[in-house]
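If you want the building blocks of each chain, they are given just below.
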Amino acid sequence: MLEKEVIVKSITGLHARPGSDLVQLALKYESEVYLIKTDGKKVNAKEIFEILSSNINCGDKLKVQTNGSDSQEALEAVCSYIETREG
Amino acid sequence: MEYFGTKVGPGLGIGKVLIVENVSLEKIPEKLINSTTDEKKKLKDVINNVVSDYDKIISEVQETDIKDLCQFYKMLLLSPSLVAELEETIEKYQVNAAGAIKKVLNNKETELSQLDNAYLRERSKDIQEVRNKLLRKLIGVKELDLSLLSENTILVSKEINPTLLLSGHLKYVKGIISEIGGKTSHVGILSTSLGIPSIFGIENISEILEDNEIVFVDGDRGVVITDMTNEDIKKYEVKIAREQEIMSELKEIKDIKAVTKDNHRYHVCINTGDLTELNKVNEVGADGIGLFRTEFLFLNKITPPSEEYLFNVYRSFAENNKNKVMIIRTLDIGGDKKCPYIDIPEEANPFLGYRAIRYCLDNKDFFKVSLRAMLRASNYGKIQIMYPMISNIEEVIKANEILDEAKDELANSQIPFDRNIKVGVMIEIPSAALMADTILEKVDFLSIGTNDLTQYTLAVDRGNQRVSKIYNYFNPGVLKLIKMTIDASKKYSNKQVGMCGEMASDPLGIILLVGMGLDEFSVNISRALKVKKLITLLSAEDCQKITEKVMKMTNEQDIEIELDNYAKKVFGKYY
């Protein structure tokens, strides 16, 4: 299992479009991908409803956790998406 | 009649009203009659059908916004946990497919609508949209087919659902009017990006208007005009045709600078206050953001926004507008706009009450959070800070002291910021205009907010129809205050005066303001190109002469006639 901390760049947070793009990205990997909020809430990055209701906003700190055969690639891709996606 | 609402999609449109009825989906029976296996199959079929509808749209339409939205809806429908939950619900509650769809998606919608986030609350509407689409499909309701329209149409509804706009057959859709919805709703975002003039939030409008009556939609002003004579209709049609021709011409020259014929350069910036407008400065080739309203970051929230959140929003805007000025106005809030964590009691007169800088100065720690966010963002772009509602010099001094404290705190923590950050004052209270020269000793720039300055000077509420005709920024008293403010800056070589009210985009206003030597025109995005073009048609020297003449006049009618005659001459078809 791999972990890395990131800060959300998107000014609208991980909602509609940025959120659904994130789900699409996470689904490309076999590994499980979770986002862990500072309050401990664990969000499945492959589930759009979980992403939406987790209310993740611009500037929030998240721990990205991946587990599986391609966990390294998944971790890098998801972290770089969260750190750079703007809109 | 004129009906005012929220400006959503800019532009002008005229056409026949088509009332879009919202089919009631609440009465669909939910009782389980067939076997649960049958219902589960029905459920899968309807989901697959709707998904393939979205796929069809994605492959057919050109607009990326529509494609993205359909993609998002598809994502919602294909979520594995959703399907599992729907199937469980059929079993557990012994309901049919419709019953499960309602139960599960209503829960999800409620969950989102209760979150402390305006954007997510709008997304709960998306879930409603997907729910309704599934239900309509299930009971075989035919969607309104816009491809059948054959003449210019204005869609009117209690609430327009996005599906309607997704078909892409929008050739004859010339406007949208609805009772519910905001600028950040999907319909709002879509109609803006598709360029459909749209006005939302007009109470009962779907009952007031009738099918086939002709209405005019002015998305730039947020007004719907009805009961027009044939001459009116002609007049508006001509206006729309001319406006379209001009707009397409202007888009070709979006990078022109606002330089007069005799080589005086003016800055044309945009007013914004909305996350959807992040990249708009470049789209219209503006010189920057002349007014960044911050209220949207504070309203509709249960707790105050964090410094980190504000900083990230400001930084994103600053980085997207590299090397261009961005003037952030500190919070302008009062008893008329409610925030649960801001304790401003109900007031008889909120516009003369406890608001904006008055509240912020009394709540120093709260104010400092915003200032620190702005300062930190100034490390990433040309940010400037502006105080609203200043009525005396003491307020400026106090605000600057708090700003200095914020700077010291950052410096002590070795957090980078622009140490020479420029600070300005919004001139919207007559006393501030009269004291402009003294205020300029304490700050780097002024920005005239004509809408409030006019209301406060003439003591008139423009929303009150009995007195609204008194509201006029060409009133000689208002003009004197404006001129006084601009003149005050001329004593300094390095201090600027801008304007961020409606007058700055009024062709007649522009003549006077060029004549008075205003440095910066900050206008709504939809007006920026036109303002630049108009300035290029003027000569500053001639405008000065006109201004001298106008300033001797004693009533606004004479002033407007004088300017109107001149405008016809110099602006030609652009007027």
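Bear in mind that the values here come from a model prediction, so they are computed numbers and not experimental data.

Engineer: Describe the overall build of chain A, with residues and values.
Structural biologist: The helix and strand inventory of chain A stands at three helices and four strands. When the helices and strands of chain A are placed in sequence order, the string is β-α-β-β-α-β-α. In terms of C-alpha radius of gyration, chain A reaches 11 Å, essentially the compact-globule figure of 12 Å for 87 residues. Its C-alpha atoms give chain A principal-axis dimensions of roughly 30 × 25 × 20 Å. Relative to all contacts within chain A whose residues are 6 or more apart in sequence, the contacts with residues 24 or more apart total 72%.

Engineer: With reference to specific residues and values, describe the interface of chain B and chain A.
Structural biologist: Counting from both sides, the interface comprises 26 residues of chain B and, opposite them, 19 residues of chain A. Its residues assigned to classes, the side of chain B that touches chain A comprises 13 nonpolar, seven polar and six charged.

Engineer: Describe the sheet that holds strand β1 (residues 2-7) of chain A, with residues and values.
Structural biologist: Residue and element names in this part refer to chain A. Pairing is antiparallel in the open sheet, where four strands are placed in the order β1-β4-β2-β3. Each having just a single partner strand, β1 and β3 (42-44) make up the two edges of the open sheet. Adjacent strand axes in the sheet meet at a mean angle of 30 degrees, parallel and antiparallel pairs treated alike. Alignment of β1 against strand β4 (residues 61-67), held across six bridges, turns out to be antiparallel. If you follow Glu3 over to β4, its bridge partner there is Gln65. Across the sheet, helix α3 (residues 71-84) touches β1, β2 (32-37) and β4, and the angle it forms with β1 is around 5 degrees.

Engineer: Quick one: what's the story with the environment of Ser79 of chain B, residue by residue and with numbers?
Structural biologist: If you trace the backbone, Ser79 of chain B turns up in the loop between α2 (64-78) and α3 (80-93). Sequence spacing of Ser79 of chain B and Gln128 of chain B is 49 residues, and the spatial spacing of their C-alpha atoms is 16 Å. When residues no more than four places from it in sequence are discounted, the contact partners of Ser79 of chain B are Glu47, Ile48 and Phe49 of chain A.

Engineer: Describe in detail the nonpolar core, supporting the description with residues and values.
Structural biologist: In this structure, Ala45 of chain A together with Tyr314, Val425 and Ile511 of chain B are the most contacted members of the largest nonpolar core, which totals 182 residues. The residues contacting Val425 of chain B, other than those within four sequence positions of it, are Met386, Tyr387, Ile390, Val396, Ala432, Ile439, Val443 and Leu446 of chain B.

Engineer: Which residues make up the sheet that holds strand β4 (residues 153-157) of chain B, and what values go with them?
Structural biologist: Residue and element names in this part refer to chain B. One open sheet holds the eight strands; their spatial order is β1-β8-β7-β3-β4-β5-β6-β2, and the pairing between them is mixed. Both edges of this open sheet fall to β1 (2-4) and β2 (6-9), since each of them pairs with a single strand only. For this sheet, the mean inter-axis angle between neighbouring strands, taken without regard to orientation, is 30 degrees. Two elements, strand β3 (residues 12-19) and strand β7 (residues 214-218), share five bridges in a ladder whose sense is antiparallel. For Gly15, the partnering residue across the bridge sits in β7 and is Val215. Across the face of the sheet, helix α7 (residues 186-194) comes into contact with β2, β5 (173-178) and β6 (198-200) while running at roughly 60 degrees to β2. Set on the sheet, helix α9 (residues 230-252) makes contact with β3 and β7; between it and β3 the angle comes to about 120 degrees.

Engineer: Which residues make up the packing of helix α19 (residues 507-516) of chain B against helix α20 (residues 525-536) of chain B, and what values go with them?
Structural biologist: Residues and elements named next belong to chain B. It is at 10 Å that the axes of α19 and α20 come closest, and there the two elements cross at 50 degrees. Accordingly, the angle class assigned to the pair α19 and α20 is oblique. Taken as a pair, α19 and α20 cross one another with a handedness that is right-handed. Note on element contacts: α20 touches α19 through Val531, Leu534 and Ile535, opposite Pro507, Ile510 and Val514. Here the contact of α19 with α20 is built from residues that sort into six nonpolar, no polar and no charged.

Engineer: Go over the domain arrangement of chain B, please, and point to the residues and values.
Structural biologist: Residues and elements named next belong to chain B. Domain annotation of chain B identifies domain 1 (2-22 + 144-245), domain 2 (36-139) and domain 3 (253-574). Every contact between the two is made by six residues of domain 1 and, on the other side, four residues of domain 3. Residue classes in the side of domain 1 that touches domain 3 are distributed as two nonpolar, one polar and three charged.

Engineer: Please provide a residue-by-residue account of the pairing of strand β14 (residues 422-427) of chain B, values included.
Structural biologist: All names here are of chain B. Where strand β13 (residues 382-387) meets β14, four bridges bridge the pair, whose relative direction is parallel. Pairing of Met386 across the sheet is with Gly424, part of β14. Note that the unit made of β13, helix α14 (residues 393-412) and β14 has a crossover that is right-handed. Sheet topology note: the β14/strand β15 (residues 445-448) ladder contains four bridges and is parallel.

Engineer: Kindly report on the environment of Ser69 of chain A, identifying the contributing residues and their values.
Structural biologist: All names here are of chain A. Structurally, Ser69 is set in the loop between β4 and α3. Given 10 C-beta atoms within 10 Å, Ser69 falls into the exposed group. Along the chain, Ser69 and Ser31 lie 38 residues apart, while their C-alpha atoms are 6.1 Å from each other. If we skip the residues at most four places from it in the chain, Ser69 touches Glu30 and Ser31.

Definitions and cut-offs
Residues numbered from 1 in each chain as written. Chains lettered and ligands numbered in written order. Predicted model: local features only at pLDDT ≥ 70, side-chain atom pairs only at ≥ 80, totals over all residues. Helix = DSSP H or I, 4+ residues; strand = E, 2+ residues; numbered from the N terminus. Rg over C-alpha atoms; globule rule 2.2 N^0.38 Å. Contact = placed C-beta atoms within 7 Å. Nonpolar A, V, L, I, M, F, W, Y, C, P; charged D, E, K, R; others polar. Pairing = 2+ DSSP bridges. Axes fitted to C-alpha atoms, helices over the stretch in contact; angles between N-to-C directions. Core = buried A, V, L, I, M, F, W, Y, C linked by C-beta atoms within 7 Å. Buried ≥ 20, exposed ≤ 12 C-beta atoms within 10 Å, placed from the backbone. Parallel < 35°, antiparallel > 145°, perpendicular 65-115°, else oblique. Left-handed = near helix turned anticlockwise from the far one by under 90°. Domains from an automatic or database assignment. Right-handed = clockwise from strand over helix to strand, strands pointing away.

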